[in-house]
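Each chain, letter by letter, is given below.
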Amino acid sequence: MEVILEKKDAGDWIYRGEGAANLVLGYNGSTPAFIGKVMRLQKAPVNGSKSMNSPTALTVHERLLWKDTEDIVATSNKELACQLFVKHIMSPLLGSTYVDSGMRVPASKEFLESVEKNIISQRPASRVDAAKVDTQCDSVLLMSDHSLFPRGTHEVEPCISVEIKPKCGFLPSSKFIDEGNAIKRSITRFQMHQALKLHQGEVSEYSEYNPLDMFSGSKDRIHNAIRDLFSTPQNNFRVFLNGSQIFGGLGGGADSTNFVTRGKFEDALKCVIQGGDGLRTMSFLQLVAETVHNSGVLDQLLEVQKLDNLDIDGAIHAYYDIVSEPCMVCRAFGKEKMSQRYLSLHSISLDESLKIVKDFLIAATAKDCSLMISFRPRKDGNTGSPYNNLYLEPSNQFFDYKVNFIDLDLKQLKKMEEYYELDKKIVTYYNRMVETEERQKKNTSTMALKTAN
Ligand SMILES: O=P(O)(O)O[C@@H]1[C@@H](OP(=O)(O)O)[C@H](OP(=O)(O)O)[C@H](O)[C@H](OP(=O)(O)O)[C@H]1OP(=O)(O)O
Ligand SMILES: Nc1ncnc2c1ncn2[C@@H]1O[C@H](COP(=O)(O)OP(=O)(O)OP(=O)(O)O)[C@@H](O)[C@H]1O
Ligand SMILES: [Zn+2]
C-alpha cells in the first residue's frame, strides 16, 4: 500500500538543516520505513525574493539538453526529473556507493503546512525571509540519513559525522577566459567570492579555507584544509553527533570558531574520541583528513568538476546558441573582439553546443554539492563490518567510516546567464580590491620615501 504523509505525521519530523533550495528534516517517530531517513522538502521564494527552482517542468531547451537520458525528458514533473538526474547522471559519474538518489513519497498539503509551522522557529531568520516550504508540491524526497549508520547491531556505538562543502577545487585554464578575467587562472573562485561576500555582509570574516588544498591529494594539505574549515566553517563545515548538529551553522553559515565554541566541541567529542582535554579536536580533524585522503573520494569529484573545461567565459556562448538568442556577451564585446576569440564557439554544431553546456551544468552541480562522512568507533577489531575502516593513531582507535554525497541537484539552464553575471561581479570586485591595495601600498611607500628625504 502506498504511504501518503498526512497532517498527523508532521510531528514526527524535526528540523535538521537547509540550504538555499531545500529544507531537510530528520525522523523522530517509530514507523520502521522512516527510521534512519531524512526528508528533503523543496522551498518556494517568499514574495519579492530571488527566484529558485520554481518551474514545475523542464523547459523545451532543457529537454533538448538532457535528450540522451530518456527518463529525465519523459517526466513532466520537475522534482522527479531532478531525482532522475541524480540517479542517471551524477551517480554513475561519482560512484553509486557514494550516492543515494532517494525516493519520492506523496505528501498532503496539510502535512507540508503543519511541518512548516512546527519548524519555523528553528530556521535562521535570513532563510525564513527568503523562502518557505513549497506547499504546492505533492511529494517529498525521502533519503538515507547520512549522519547515521543504518540500524543494526552497533546501536550502542556513537556516530560522528562531518559535512563538507568543498566547492570548486581547480583553477580554470580555458583559452576563452577574457584578458580582463586573467586573475581567475591564479586565484580560486572561492577566495575571490569571499571578498565579495565580505563586502556584501554575507560573511563576517575571510575564510582561511583553500579548496586547492582540499583537492590536492596530499595528506598534509588536506589536513590544513580541514583545520582551516574548522576555524572558519561558514557554510562549508558542520559536525553531527548521533544525528544532532554539534558544530557549524544550523541551516546557514557560522561565524569563525572562538575559544568557547572550541571548548564545547572538545567536550562533545568525549563520547567518541579518546584522549585528554585539548587533544580530541586535533585527533578528530586528523581522522577527517586521513579519511578524505584514503578514500580518494575527492579525486572523482574533481574529475566531474573539471567537465567545466571552457569556463563560463566559453560556455555562455554555447548557451546563447542553444536558446537561439543573440549572444549578449559578444554583443557587449563588440564585433572585432568577437570575431577574434569567440567566433569558433558560435560556429560549432548544436550537438557540440549542447555537450558544452550539459558538461558545464553537471560540473556546476559537482562544485556545489557536499560530502558527508560518518564515523563510529570499532570496538571489536576488524571483523565482519561492511564499512571501510581507519586506524587513528593519536587516539589509538579504529573507526568504521562511510562517505556520501548530498545535494546533487540539477541546475537550471537559465542559470547560465546568472553564472556569467555573478562571475563578472566576483572578478570585477576582486580586481578592484587588488588595484586599491596596490595603490595604497604605492602611496605608503612614496610617503615613506618623502619622509626619509
Ligand atoms: O554560486 P555559488 O558558488 O555562490 O553557489 C551557490 C551557493 O552559495 P555558496 O556555496 O554559499 O557560495 C548557495 O549556497 P547558500 O545558499 O549560500 O548556502 C546554493 O548552494 C546555490 O545553489 P542553488 O541556488 O541552491 O542551486 C549555489 O549556486 P550555484 O552556483 O551552485 O548554482
Ligand atoms: N541525506 C542527508 N542526511 C543527513 N543530512 C542531510 C541529508 N541531506 C541534507 N542534509 C542536511 O540538510 C542540509 C540542507 O540540505 P541540502 O544541502 O540538500 O539543501 P540545499 O537547499 O539543496 O542546499 P544548497 O543551498 O547548497 O543548494 C545539509 O546541509 C545537511 O546538513
Ligand atoms: Zn558569443
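Note that the coordinates shown come from a computational prediction; the quantities given were computed from them, not determined experimentally. (Residues numbered from 1 in each chain as written. Chains lettered and ligands numbered in written order. Predicted model: local features only at pLDDT ≥ 70, side-chain atom pairs only at ≥ 80, totals over all residues. Heavy atoms only, no water.)

Engineer: Run through the environment of D407, naming residues and quoting values.
Structural biologist: Looking at the secondary structure, you find D407 in the loop between β12 (397-406) and α16 (415-452). Judged by relative accessible area, which is 28%, D407 ranks as partly exposed. Placed 388 residues apart in sequence, D407 and G19 show a C-alpha to C-alpha distance of 9.1 Å. What D407 contacts, discounting residues up to four positions off in sequence, is R40, T365, D368 and C369. For D407, the side chain forms a polar contact with the side chain of R40, separated by 3.2 Å. (Helix = DSSP H or I, 4+ residues; strand = E, 2+ residues; numbered from the N terminus. Buried < 20%, exposed > 50% of the residue type's maximum accessible area, 1.4 Å probe, protein only. Contact = heavy atoms within 4.5 Å. Polar contact = N/O pair within 3.5 Å; in protein donor to acceptor, adjacent residues only side chain to side chain.)

Engineer: For the site of ligand 2, give the residues involved together with the corresponding values.
Structural biologist: In the neighbourhood of ligand 2, 23 residues make up the surrounding shell, with A20, N22, R40, E163 and D407 lying closest. For ligand 2, an oxygen atom lies 2.7 Å from a polar atom in the backbone of N22. Protein chains bury 93% of the 620 Å² of accessible surface belonging to ligand 2 in isolation. Within the residue set of the shell around ligand 2, elements represented by two or more residues are β1 (13-18), β2 (22-27), β3 (37-45), β6 (139-144) and β8 (237-241). By residue class, the composition of the shell around ligand 2 is eight nonpolar, five polar and ten charged. Formed jointly, the shell around ligand 2 draws a minimum of three residues from each of two domains, domain 1 (7-144) and domain 2 (157-452). (Near = heavy atom within 4 Å. Areas by Shrake-Rupley, 256 points an atom, 1.4 Å probe, with all protein chains shown as cover. Nonpolar A, V, L, I, M, F, W, Y, C, P; charged D, E, K, R; others polar. Domains from an automatic or database assignment.)

Engineer: Could you give me a rundown of the packing of aromatic side chains, with the residues and numbers involved?
Structural biologist: Counted under the stated rule, the structure contains 19 aromatic pairs. Ring centres of F190 and Y209 lie 5.2 Å apart, and the angle between their planes is 80 degrees; on these two criteria the pair is classed as edge-to-face. Here the residue F190 occupies a position in helix α6 (residues 189-199), and Y209 occupies one in the loop between α6 and α7 (211-214), the gap between them amounting to 19 residues. Each member of the pair F190 and Y209 is classed as buried. (Phe/Tyr/Trp six-rings, centres within 6.5 Å; stacked < 30°, edge-to-face > 60°.)

Engineer: Explain the coordination of the zinc ion (ligand 3) to me, and be specific about the residues and the numbers.
Structural biologist: Around the zinc ion (ligand 3), the protein contributes the donor atoms H317 (ND1), C327 (SG), C330 (SG) and H346 (NE2), at 2.0 to 2.2 Å from the metal centre. Between the four donor atoms coordinating the zinc ion (ligand 3), the angles at the centre fall across 105 to 116 degrees, so the site counts as tetrahedral. When the donor residues of the zinc ion (ligand 3) are listed from N- to C-terminus, their spacing reads H-x9-C-x2-C-x15-H. With H317 in helix α12 (residues 311-322) and C330 in helix α13 (residues 328-333), this residue pair connects regions lying 13 residues apart in the sequence. Judged by its relative accessible area of 0%, H317 falls in the buried class. (Donors = N, O, S within 2.8 Å, 3.2 Å for Na, K, Ca; no water. Tetrahedral: all angles 85-135°; square planar, octahedral: opposite > 155°, others 65-115°.)

Engineer: Provide a residue-level description of the domain arrangement of the protein chain, including the pertinent values.
Structural biologist: Along its sequence, the protein chain is carved into domain 1 (7-144) and domain 2 (157-452). The C-alpha centroid of domain 2 is placed 23 Å from the C-alpha centroid of domain 1. In this assembly, 33 residues from domain 1 lie in contact with 33 residues from domain 2. Of the roughly 2900 Å² buried at the junction of domain 1 and domain 2 (both faces included), carbon and sulfur atoms supply 63%. The largest share of the area that domain 1 buries against domain 2 comes from L65, L94 and Y98, three residues that together contribute 24% of it. Counting the contacts that link domain 1 with domain 2 gives four salt bridges. (Buried area = accessible area lost by both parts, 1.4 Å probe. Salt bridge = Lys/Arg side-chain N within 4 Å of Asp/Glu carboxyl O.)

Engineer: Can you lay out unusual backbone geometry for me, pointing to particular residues and giving the numbers?
Structural biologist: The phi torsion at N242 lies on the positive side, around 50 degrees, for a residue other than glycine. Structurally, the position occupied by N242 is in the loop between β8 and β9 (244-247). Of note in the backbone geometry, D407 takes a positive phi value of approximately 55 degrees without being a glycine.

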